Amino acid sequence: MKAGKTSLIAGIFALGALPALAQDLAIGLKSEATSMDPQFHQLSTNIQVHKNVFETLTSQDAVQKVGPGLATEWEAVDDTTWRFKLREGVKFHDGTDFTARDVIYSFCRVPLVENSPSPFTIYTASIADMTAEDDHTLIVRTEATNPLLPAELWSISIISADTLGAEEEVVFGPQGTCEGLGDVPQSPAFNSPDVAVGTGPYKLESYTRGSELTLTRFDEHWGGTPAWERVVMRPITSDGPRVAALLAGDVDMIESPPIQDIPRLEDGGFKIVDALSNRIIYLHMRQEEGAPGIEGAGDTNPLMDARVREAISLSINREAIAERIMGGYAQPAGELLPPPMFGSSGRPVDAYDPDRAKELLTEAGYPDGFTITLGTPNDRYINDEQVAQAVAQMLARIGIQVNVDASTASQFFSRRNALEFPIYMAGWGASSGEMSSPLKSLVATFDEKTGMGPTNAGRYSNPAMDEVLLRAMSTIDDAERDSLLQEAGTMVLDDYGIIPLHYEQTVWAMKPELDYEPRVDQYTMATEVKPAG
């Protein structure tokens, strides 16, 4: 694969090479970034902030088409070797030059990040070697064929080796065996602008947890002058205050306005943009003996029985959730990625059939049901706690009594990763835009050594599916890979290893003098907010 040099124009345009405007931009965010370390937490609320400050070798547009970033072009030399030509003349915010050494350092640091709730090692584990032919030519060798490497590189932010104290020579070694890194800073250090140094169009000015994040224009950005002199991103986690801030002019744009407030905002002259996202909202179930939070099932874990998992799926009226709770801003889901995205099969949505669900519970030996705790965030996804409460009510109708344990996103993700919930509701957006993303993260057998299943807090394991997935991930031919991904996805869903609920429809509201192209990945990117007209 090769990105031609003419695609440089597209890359520059995507970053907004516009004349300088003496103007600030204020954005009200639904959730707050948990860290300014771009390699700490694979979470969209973090990523959408980091993308303004840090850049990656490749880029993705609003529909996840891969294009040039800090790499201008690339080619597959053979099945396991790639050559990347790096952009010349790029400066970090502190004035140091961007070279291949910074790329090697950045990839070396990923497995050394401590306490990551959802580590980026899933994108680095397959890399066997990285070497610099010269300052702007990088050779990457993978353990096996990886046709998705350019797409996956969009997830690894490039940080400055000089700023972070690396030695003059940085030598790549797989999974934490690099040399020349010096004293690697951990995530809290990145809350300082002196450490959070990238090559992006905006520089970090300040980060006050719970209050606001302030960015300032980087005039030396290789892509031209950013549209805004200053960007303020404020976490306003409650829906009412977020809408009120827009109505009062305290912010210029908000993400995820409450669905019931959209008519009022439109009547007030505000612009509304929306699009179907690739984010799947799903239920995951702890499929190991000794799972906590289950009562009335004897000494067994009923979630280990596929009939019980199927009963849970059949008890959920997804159409009712989409219409009544999501106000039509959701689409019921039959798989982990909306068709016709790559690797989706068009699998139909499970029918709402509570009678059959009761029969399945009886067949599994639980005619009277049982009691279980459902974990959910209450400020991360659209109407997340309301959806969880609706699921609880639906499960109660088939005899499964549910205690909903709702908490803020930061608390929820920590508890989820500590395996505290027997069943939980969460969401996943496919960073690569194809089915391998949710499969390898959510349902592949958890394995710290290979980086597979990093967000599989249900500990579902299907070795046969793993084998098909690994074949897909090492298949160059698109048609064959698409078929293998469909096969792997079908195996998981036939086993009810995970239960898809719906795909979110993402909404933004803004002042009429602004433009924003909705992104399928749901990111609110300050770099892509433009003056209208």
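Refer to the preceding data block for the structure.
Residues numbered from 1 in each chain as written. Predicted model: local features only at pLDDT ≥ 70, side-chain atom pairs only at ≥ 80, totals over all residues. Heavy atoms only, no water.

> Is there a simple way to think about the overall build of the protein in this case?
Along its length, the protein carries 15 helices and 20 strands. The globule rule puts the C-alpha radius of gyration for 533 residues at 24 Å, and the 23 Å found for the protein is close to it. Projected onto the principal axes, the alpha-carbon positions of the protein cover approximately 70 × 55 × 40 Å. Considering the protein as a whole, with its 533 residues, one finds that 60% of them fall into the buried category. Counting contacts in the protein only where the partners sit at least 6 residues apart, residues at least 24 apart contribute 70% of the total. Element-wise, carbon and sulfur atoms account for 48% of the exposed surface of the protein, whose accessible area totals about 19500 Å². Each charge class in the protein can be summarised by its mean position, and for the 41 positive and 78 negative side chains these summaries are 2 Å apart. (Helix = DSSP H or I, 4+ residues; strand = E, 2+ residues; numbered from the N terminus. Rg over C-alpha atoms; globule rule 2.2 N^0.38 Å. Buried < 20%, exposed > 50% of the residue type's maximum accessible area, 1.4 Å probe, protein only. Contact = heavy atoms within 4.5 Å. Areas by Shrake-Rupley, 256 points an atom, 1.4 Å probe, with all protein chains shown as cover. Lys, Arg positive; Asp, Glu negative; His and termini not counted. Charge placed at Lys NZ, Arg CZ, Asp CG, Glu CD.)

> Just to check I follow, could you spell out the packing of aromatic side chains for this structure?
To describe a pair of aromatic rings, you give the distance between the ring centres and the angle between the ring planes. As enumerated under the stated definition, the model contains 10 aromatic pairs in all. A ring pair is formed by Tyr 366 and Phe 370, whose centres lie 5.7 Å apart and whose planes are at 75°; its orientation type is edge-to-face. Note on Phe 370: relative accessible area 4%, which makes it buried. Look at Phe 412 and Phe 413: their rings are 5.3 Å apart centre to centre, the planes differ by 65°, and that puts the pair in the edge-to-face class. The class of Phe 412 is buried, set by a relative accessible area of 0%. Taking relative accessible area as the criterion, Phe 413 reaches 5% and is therefore assigned buried. Every member of this aromatic cluster is reached through a ring pair, and the members are Tyr 282, Phe 412, Phe 413, Phe 421 and Tyr 424. Directly above the aromatic system of Trp 222 lies the positively charged group of Arg 87, at a separation of 3.9 Å from the ring centroid. It is Arg 459 that lies over the ring of Phe 446; its NZ or CZ is 3.7 Å from the centre. (Phe/Tyr/Trp six-rings, centres within 6.5 Å; stacked < 30°, edge-to-face > 60°. Lys NZ or Arg CZ within 6 Å of the ring centre and 35° of its normal.)

> What is the right way to read the side chain of Thr 56 from this model?
Position of Thr 56 relative to the elements: it lies in the loop between helix 2 (44-53) and strand 2 (58-60). A distance of 2.6 Å separates a polar atom in the side chain of Thr 56 from the backbone oxygen of Thr 58. Beyond its immediate stretch of four places on either side in the chain, Thr 56 contacts Lys 51, Gly 69, Leu 70, Leu 153, Trp 154, Ser 155, Ile 156, Ser 157 and Ile 158. (Polar contact = N/O pair within 3.5 Å; in protein donor to acceptor, adjacent residues only side chain to side chain.)

> Is there a simple way to explain unusual backbone geometry in this structure?
Residues apart from glycine generally show negative phi values, whereas peptide bonds are mostly found in trans. With an omega of 10°, the peptide bond running from Pro 339 to Pro 340 counts as cis. Tracing the backbone through its elements, the reader meets Pro 340 in the loop between strand 14 (330-332) and helix 10 (354-363). Its identity as a non-glycine residue notwithstanding, Arg 459 has a phi of 55°, on the positive side. By the secondary structure assignment, Arg 459 is in the loop between helix 13 (436-443) and helix 14 (463-473).

> Can you walk me through the environment of Ile 476 in this structure?
Here Ile 476 lies in the loop between helix 14 and helix 15 (478-494). Apart from the residues lying within four places of it in its own chain, the contact partners of Ile 476 are Thr 145, Pro 147 and Arg 481.

> Any chance you could explain helix 12 (residues 409-417) here in plain terms?
An α-helical segment advances 3.6 residues per turn. Residues three or four places apart therefore align on the same side. Listed in full, the buried residues belonging to helix 12 are Ala 409, Phe 412, Phe 413 and Arg 416. One side of helix 12 holds all its buried residues, which, seen down the axis, span an arc of 95°. Its buried side turned inward, helix 12 meets strand 12 (271-285), strand 15 (370-377), strand 16 (400-407) and strand 17 (423-428). Of the residues flanking the end of helix 12, it is Leu 419, one or two places downstream, whose phi is positive at about 60°. (Arc of directions from axis to C-beta.)

> Explain the sheet that holds strand 4 (residues 71-78) here, please?
What links the strands of a sheet is backbone hydrogen bonding, and the strands pair in either a parallel or an antiparallel sense. The antiparallel open sheet is built from 4 strands, whose spatial order is 4-5-7-6. The open sheet is flanked by strand 4 and strand 6 (127-134), the only strands paired with a single partner. Direction aside, neighbouring strands of the sheet carry axes that sit 20° apart on average. Sheet topology note: the strand 5 (residues 81-86)/strand 7 (residues 137-142) ladder contains 5 bridges and is antiparallel. Residue Trp 82 lies in a different strand from strand 7, and its bridge partner there is Val 140. (Pairing = 2+ DSSP bridges. Axes fitted to C-alpha atoms, helices over the stretch in contact; angles between N-to-C directions.)

> Teacher, can you tell me more about the packing of helix 13 against helix 14 here?
When two helices pack together, their arrangement is given by the angle between the helix axes and by the axis-to-axis distance. Close contact between helix 13 and helix 14 brings their axes to 11 Å; oriented N to C, the two are set at 140°. Relative to helix 14, helix 13 is oriented oblique. Crossing hand, helix 13 versus helix 14: left-handed. Residue-level inspection shows Ser 436, Leu 439, Lys 440 and Val 443 of helix 13 in contact with helix 14, the latter providing Met 465, Leu 469 and Met 473. Among the residues making up the contact of helix 13 with helix 14, the classes are represented as 5 nonpolar, 1 polar and 1 charged. (Parallel < 35°, antiparallel > 145°, perpendicular 65-115°, else oblique. Left-handed = near helix turned anticlockwise from the far one by under 90°. Nonpolar A, V, L, I, M, F, W, Y, C, P; charged D, E, K, R; others polar.)

> How should the state of the cysteines be read in this particular structure?
When the sulfur atoms of two cysteines share a covalent bond, that bond is a disulfide. Tallied over the full model, the rule gives 1 disulfide. Each sulfur of the disulfide joining Cys 108 and Cys 178 lies 2.0 Å from the other. Taking the sign of the S-S torsion, about -85° here, the bridge from Cys 108 to Cys 178 comes out left-handed. Highlighted residues: Cys 108 in helix 3 (residues 100-109) and Cys 178 in the loop between helix 5 (149-152) and strand 8 (202-208), separated in sequence by 70 residues. With respect to burial, Cys 108 and Cys 178 carry one shared label: buried. (Disulfide = S-S within 2.5 Å.)

Honestly, that's just the spatial picture; any functional story needs more than this.
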